[in-house]
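One-letter residues, chain by chain:
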Amino acid sequence: MRSYFEKMTTFGHALKKGRIKSTEANLAGIKKAEDEITEAVDRVKLAGFSEEKINARGQMTVWQRLEYLVDPGTWRPLHTLFNPMNNVEETTNVIDGIGKISGKWAVIIGFDNKVMAGAWLPGQSENILRVTDLAKRLNIPLVWLVNCSGAKLTEQEKFYANRRGAGTPFFRHAELEQMGIPVLAGIYGTNPAGGGYQSISPTILFAHKDCNMAVGGIGIVSGMAPKGAFDIEAAEEIIEKAKQFKAKPPGSVNVHYDETGFFRYVFEDETGVLDRIKEYMKDMPAYAPKFFRVADPKEPAFPVDDLYRLIPLNPKRVYDFEEVLARLVDAGEHMEFRPDYGPEVYAGLCKVDGFLMACVGNRQEYLGKNYPEYADYPGMGGKLYRQGLIKLNEFVTLCGRDRVPIIWFQDSSGLDVGDAAERAELLGLAQGLVYSIQQTDVPMMLLLLRKGTASAHYLMGGPTANRHNAFTIGTVASEIYVMHGETAAVATYSRRLVKEKEAGRPLEPIVEKMNQLAEEYHEKSRPLFCAKTGMIDEIVPMRDLRTYLVAFAGAAYQNPKSICPQHHLMLPRVIRG
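All of the points below concern the structure found in this document. Since we're looking at a predicted model, the values are computed, not measured. (Residues numbered from 1 in each chain as written. Predicted model: local features only at pLDDT ≥ 70, side-chain atom pairs only at ≥ 80, totals over all residues. Heavy atoms only, no water.)

## Quick notes on the packing of aromatic side chains
For any pair of aromatic rings, the description rests on two quantities: the centre-to-centre distance and the angle between the ring planes. On inspection of all chains with the given rule, the structure shows 19 aromatic pairs. Ring centres of tyrosine 4 and phenylalanine 5 lie 6.2 Å apart, and the angle between their planes is 45 degrees; this geometry places the pair in the tilted category. Across the pair, phenylalanine 5 and tyrosine 4 agree in class, each one buried. Note on tyrosine 265 and tyrosine 280: the rings are 5.9 Å apart at their centroids and 70 degrees apart in plane angle, and the pair reads as edge-to-face. Here the residue tyrosine 265 occupies a position in strand S10 (residues 265-267), and tyrosine 280 occupies one in helix H12 (residues 270-282), the gap between them amounting to 15 residues. For tyrosine 280, a relative accessible area of 16% translates into the label buried. Taking the ring centre of tyrosine 308 as reference, the NZ or CZ of lysine 31 above it sits at 4.2 Å. A cation sits over an aromatic face here: lysine 278 above tyrosine 68, 4.3 Å from the ring centre. (Phe/Tyr/Trp six-rings, centres within 6.5 Å; stacked < 30°, edge-to-face > 60°. Buried < 20%, exposed > 50% of the residue type's maximum accessible area, 1.4 Å probe, protein only. Helix = DSSP H or I, 4+ residues; strand = E, 2+ residues; numbered from the N terminus. Lys NZ or Arg CZ within 6 Å of the ring centre and 35° of its normal.)

Here it is as structure tokens:
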């Protein structure tokens, strides 16, 4: 298939001096917004005790463990700002992402031992659920750095029970193992109750000499026989038992290495645990990259930093999607699918780090005269029309047939609406795209360039495709809402305006409410809000966007569950005709 992939059609152009000059303000605006996100990330990293205090106790922090464990330059964090319950700690207390260990991609997660010694916090179970889903979707190992003191008991009702509560990850570990996906765990510190379950559920346990894991910890064991109330006598008894278990906590290495054998290995040094995980990762099932690469890896044809000038921070301004894509894929080369049909969406084959990837994105410009063909109004990029939906159904179906992972680049204002759109069957075609996505069973990722709006957010590879969307990344220009705030204000208050006008009452109070609603929509659709609530898994600087595409491509092709031989591929042949 060399004739198809070694040299594909080039696209994109270098920025001209006039464009560079005219986009200085946009560059400065994006850089400023990225600095604000960096400050929020730093607050998470600095939460809890200082690194110096943890090190003085003879421990490494979770950040130091990650730095030691992960191959340099490969760490791609996810969910850093995820905090859906608005914890005062500003974190769910687990740090996760994807990265290479001994040259192989893994999903990696660790408890932040600087914050309450890694305790369960509200929102943490949902975070862990997303991580186990990621390992499942990419079919790559899950690596844990366990250091969990149990639960923040004063808020247990927010996370302990329920269908997606703190016990769910234990079952998800079992599910991964049944699928043949190993869960490796390096275990540090004291891990009672929930920490104990988190320790025992992985596949192989690598223990530090000072760690323990137990059904119950000091506090639980010393208070197992309450009398219904506390008095001084009970308090003295608790003190004695607490002293006893502090001196010798349950579930130590002596128990779980020497007696139960649950710990497969025990190490004197913290780094010894990480070294053995590295050793095991060398032996994890994985295809060599050459097995799936269709060409030698190449850098994009144009600087990635051009994105600061190409993607307008103002969501109402248009841009050329192909120019953006040319800065993210190998050599600025592609094979576009049905370029003369459904002009509102781009669909095509590109290479990322030498791997074949399907790319789908929303075009933004005016779509030309007599389009859409079923209506008497002009079509604008960002919306989905009949032809675009048909094209995407065809393209996605062929991606499933050829086992090609999909990268969605979303910047959409929604589907076309009105009677003409209904007669054009947009509802059925949109649901057809959902069906087409569902039947592919190929990994997908979403890069939300700017707008995620209405049902188009679901259709264009959104995280609602739980079994397909591996992760969603955004930029500081990203925003998500069912409709724009101004549109929502009109939809909410238009009838009320008519009623007030006909009654002869002043319109100012309604106008004030409309402005208030529009402002609320704006605040609750911003990147930081989207990251905190989990609508976006990570806000990524423009300059780093390609690194996430490279990580996704490498992880998706590392150990796929099914293979289409290159010489059996149909998509490139359909494109060439």
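There is more to say, and it comes next.
## Quick look at the sheet that holds strand S1 (residues 9-10)
Pairing between the strands of a sheet is mediated by backbone hydrogen bonds and can be parallel or antiparallel. Strand order across the open sheet formed by eight strands is S1-S11-S12-S13-S15-S17-S19-S21, with mixed pairing between neighbours. Only two strands of the sheet have a single neighbouring strand rather than two, namely S1 and strand S21 (538-539). Across five bridges, the pairing between strand S17 (residues 444-448) and strand S19 (residues 469-474) is parallel. Bridge assignment links leucine 446 to a residue of S19, and that residue is threonine 472. (Pairing = 2+ DSSP bridges.)

## Overview of a nonpolar patch on the surface
Among the surface-exposed residues, Tyr197, Ile200, Val215 and Phe262 lie close enough to one another that they form a single nonpolar patch of about 390 Å² accessible area. Here valine 215 is to be found in the loop between strand S9 (212-214) and helix H9 (218-222). What makes valine 215 exposed here is its relative accessible area of 65%. (Patch = residues over 30% accessible without salt bridge, like charges linked within 9 Å, V, L, I, M, F, W, Y side chains within 5 Å. Areas by Shrake-Rupley, 256 points an atom, 1.4 Å probe, with all protein chains shown as cover. Salt bridge = Lys/Arg side-chain N within 4 Å of Asp/Glu carboxyl O.)

## Overview of the pairing of strand S11 (residues 333-336)
Side-chain alternation along S11 places Glu333 and Met335 on one buried face and His334 and Glu336 on a second face that is also buried. In this sheet, strand S12 (residues 345-352) lies alongside S11 in antiparallel orientation, the contact comprising three bridges. From the neighbouring strand, glutamate 336 faces S12, where its bridge partner is glycine 348.

## Examining the packing of helix H15 (residues 386-402) against helix H17 (residues 426-440)
Following both chains from N to C, one finds H15 and H17 inclined at 15 degrees, their axes separated by 9 Å at the closest point. In terms of orientation, H15 lies roughly parallel with respect to H17. Relative to H17, H15 is oriented so that their crossing is left-handed. Every residue of H17 that contacts H15 at Arg386, Leu389, Ile390, Leu392, Asn393, Val396, Thr397 and Gly400 is listed here: Leu426, Leu429, Ala430, Gly432, Leu433, Ser436, Ile437, Gln439 and Thr440. Classifying every residue of the contact of H15 with H17 gives nine nonpolar, seven polar and one charged. (Axes fitted to C-alpha atoms, helices over the stretch in contact; angles between N-to-C directions. Parallel < 35°, antiparallel > 145°, perpendicular 65-115°, else oblique. Left-handed = near helix turned anticlockwise from the far one by under 90°. Contact = heavy atoms within 4.5 Å. Nonpolar A, V, L, I, M, F, W, Y, C, P; charged D, E, K, R; others polar.)

## Observations concerning the packing of helix H6 (residues 124-138) against helix H7 (residues 168-178)
Remark: H6 packs on H7, axes separated minimally by 9 Å, with the N-to-C direction vectors making an angle of 10 degrees. Regarding the angle of H6 to H7, the classification is roughly parallel. Residues Ser125, Ile128, Leu129, Thr132, Asp133, Ala135 and Lys136 of H6 lie in contact with H7, whose contacting residues are Thr168, Pro169, Arg172, His173, Glu175 and Leu176.

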